[in-house]
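Spelled out, the chains give:
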Amino acid sequence: MRKPATTRLSYKPILEYIDAQFEKYLEEELKIKRSLFNYHDSRIHICLYFIAPTGHSLKSLDLVTMKKLDSKVNIIPVIAKADTVSKSELDKLKIKIMSELVSNGVQIYQFPTEDEAVAEINSSMNTHLPFAVVGSVEDIKVGNKMVKARLYPWGSVQVENENHCDFVKLREMLVRVNMEDLREQTHARHYELYRRCKLEEMGFKDTDPDSQSFSLQETYEAKRKEFLVELQRKEEEMRQMFVNKVKETEAELKEKEKELHERFEQLKRMHQDEKKNLEEKRRELEEEMNAFNRRKVAAETLMGQALQGCSQQPFKKDKDKKNFFSLPSACSLTSGRNLN
């Protein structure tokens, strides 16, 4: 199964940080007015690489990371949480780890044995690699004093007890015995390798007795020209990329504009059709209203005539009735005149 790129390249931030410290020191060295005697040296002199006590060997990521770091910094492998492993299993794990480091060509820091004053102790400490340590922030009373330890139901594991872990051995080797050697190794081996590669990259080279001497000014001018040519090439590439991007954007905008224009024309036609339909419906409604008004006028006319006819007929009946009742009185008047 292939590991993710983030896991495979997880060591890059460490390498970049170590190189950044070397870069600061090299910049101080190359200054016209340098003051290395009071310069704060931030170079990394030791890397304690902690190994998980799980499993029976190193992980592939551990091997890859230490292989990348061994040319940059002094590495001391350390087994963490050693109290989780029994003594016999811990000894086997140490042997297995050292065997895998040697077989994979990983160069770890070996305590120097050239100096007779520390040769014996350093030779003895080299056999304890990798160191197995236990850490704790709790103070526990053991006897009459307080010590850093881990407390368990069956007892305690003391951090500074050499029978329990190698913390004291590690501290003695780093702080009291080999601190100066670690600094010398960093400067003479790791920093010099970085410095040589960096100067060669910048165009500097050593002069042999048989070869011609070179001028720093000429080297600087040559590198400057190379840099300007490379800068111009990258600028041209970026300009071309920008032009291509602009053309692609213009093409996309034109396509969008065309789509919008087609959409506008479609909506315009739909609007005209709807307007035409509304005009037709308006005319139909006007015709219906006119027809309704004509029918209304005709109905009103007929109703008026009917009402007029009804009003004239009762008046004629009343007139006839009045004449009928007036006849006897007329007759009586006539008969009375004749009698006289």
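Residues numbered from 1 in each chain as written. Predicted model: local features only at pLDDT ≥ 70, side-chain atom pairs only at ≥ 80, totals over all residues. Heavy atoms only, no water.

### Brief notes about the overall build of the protein chain
Here is the rule we go by: Strands here mean DSSP runs of E at least two residues long; helices mean DSSP runs of H or I at least four residues long; both are numbered from the N terminus. Only protein chains enter the accessibility calculation, which uses a 1.4 Å probe; a residue whose area is less than 20% of its type maximum is buried, one above 50% is exposed, and one in between is partly exposed. Whether two residues touch is decided by their heavy atoms; if any such pair falls within 4.5 Å, the residues are in contact. Each accessible area is a Shrake-Rupley result for a 1.4 Å probe, and residues are judged covered by the shown protein chains and nothing else.
Along its length, the protein chain carries 8 helices and 6 strands. In sequence order, the protein chain lays out its α and β elements as α-α-β-α-β-α-α-β-β-β-β-α-α-α. Residues counted as buried form 23% of the 340 residues belonging to the protein chain. Counting contacts in the protein chain only where the partners sit at least 6 residues apart, residues at least 24 apart contribute 64% of the total. Within the structure as shown, the protein chain displays about 26200 Å² of accessible surface, and the carbon and sulfur contribution to it stands at 56%.

### A few points about the side chain of D166
Basically, it comes down to this: We define a polar contact as two N or O atoms separated by no more than 3.5 Å, with the added condition that, inside protein, one atom must be a possible hydrogen donor and the other a possible acceptor, whereas residues neighbouring each other in sequence contribute only through side-chain atom pairs.
Mapped onto the elements of the fold, D166 is located in the loop between β6 (155–158) and α6 (167–177). For D166, a relative accessible area of 8% puts it in the buried group. A polar contact is formed between the side chain of D166 and the side chain of K94, at a distance of 2.8 Å. Each residue touching D166, except ones within four places of it in the same chain, is listed here: K94, H128, F131, A132 and V133.

### Things to note about the pairing of strand β5 (residues 145–152)
Just so we agree on the cut-off: Between any two strands, at least two bridges found by DSSP are needed for them to pair.
In the sheet, strand β4 (residues 139–142) pairs with β5 via 4 bridges, with the strands oriented antiparallel. Within β5, the residue paired with D139 across the bridge is K148. The turn joining β4 and β5, which pair antiparallel and follow one another in sequence, is formed by 2 residues; a positive phi near 70° is taken by G143. With 4 bridges joining them, β5 and β6 adopt antiparallel strand pairing. The partner of L151 across the bridge, within β6, is S156. Joining the antiparallel neighbours β5 and β6 is a turn of 2 residues.

### Examining helix α2 (residues 12–29)
Rules: Working rule for helices: expected span equals 1.5 Å times residues minus one. The directions considered for the arc run from the helix axis to the C-beta atoms.
Compared with the 26 Å implied by 1.5 Å per residue over 18 residues, the 26 Å span of α2 between its first and last C-alpha is a close match. Taken together, the buried positions of α2 are occupied by L15, I18, Q21, F22, Y25, L26, E28 and E29. Summarising the axial view, the buried residues of α2 lie within an arc of 165°, below the 170-degree limit, and thus occupy one face. Elements in contact with the buried residues of α2: α3 (60–69) and α7 (179–202).

### Considerations on the packing of helix α5 (residues 116–126) against α6
Going by this rule: Note on method: axes are straight lines fitted to C-alpha atoms, helices fitted across the in-contact stretch only, with angles between N-to-C directions ranging 0 to 180 degrees. Handedness of a crossing follows from how the near helix is turned relative to the far one, being left-handed for an anticlockwise turn of less than a right angle and right-handed for a clockwise one. Following the grouping adopted for this structure description, the nonpolar residues are Ala, Val, Leu, Ile, Met, Phe, Trp, Tyr, Cys and Pro, the charged ones are Asp, Glu, Lys and Arg, and the polar ones are all others, Gly among them.
One can describe the packing of α5 onto α6 by two numbers: an axis separation of 11 Å at closest approach and a directional angle of 140°. Seen along the crossing, α5 lies across α6 with a hand that is left-handed. Judged by residue contacts, V118, I121, N122 and M125 of α5 engage K169, M173 and V177 from α6. Grouping the constituent residues of the contact of α5 with α6 by class yields 5 nonpolar, 1 polar and 1 charged.

### Some thoughts on the sheet that holds strand β1 (residues 47–51)
Taking strand neighbours across the sheet as the criterion, the 3 strands line up as β1-β2-β3 in an open arrangement whose pairing is parallel. The sheet terminates laterally at β1 and β3 (131–132), the two strands that pair on one side only. Lying on the sheet, α3 is in contact with β1 and β2 (75–79); it crosses β1 at an angle near 170°.

### Let's talk about empty space enclosed by the protein
In this approach a probe as big as a water molecule rolls over the atoms, and the regions it shows empty are the leftover space. We count it as follows: Residues are said to line a cavity or pocket when one of their atoms sits within 4 Å of a point; the points come from a 1 Å grid over protein atoms alone, cavities being sets where a 1.4 Å probe fits but cannot get out and pockets being open sets with protein on both sides within 12 Å along at least five of seven lines. Grid points are joined across faces, edges and corners, and a volume is the space filled by probe spheres set on the points.
Summed over all chains, the structure comprises 1 cavity of 30 Å³ or more. Roughly 40 Å³ of internal volume is contained in the largest cavity. Contributing to the lining of the largest cavity are I51, A52, T54, S57, L58, K59 and D62. Residues of the lining of the largest cavity, tallied by class, amount to 3 nonpolar, 2 polar and 2 charged.

### Regarding the environment of L182
Looking at where L182 falls in the secondary structure, it is placed in helix α7. Residue classification places L182 among the buried residues on the basis of a relative accessible area of 4%. C-alpha of L182 to C-alpha of H45: the two residues are 137 residues apart in sequence and 5.9 Å apart in space. Beyond its immediate chain neighbours, meaning those up to four positions away, L182 contacts H45, I46, N74, Y109 and L174.

### Brief notes about the packing of aromatic side chains
Counted only if it meets this: Note on ring pairs: Phe, Tyr and Trp rings are taken, using the six-membered ring of Trp, and paired if centres are within 6.5 Å. Classes follow the plane angle, with under 30 degrees stacked, over 60 edge-to-face and the rest tilted.
With the rule as written, the count across this model stands at 7 aromatic pairs. With a centroid separation of 5.4 Å and an interplanar angle of 40°, the aromatic rings of F22 and Y194 are classed as tilted. Residue F22 is located in helix α2, and its partner Y194 is located in helix α7; the two are separated by 172 residues in the primary sequence. Each member of the pair F22 and Y194 is classed as buried.

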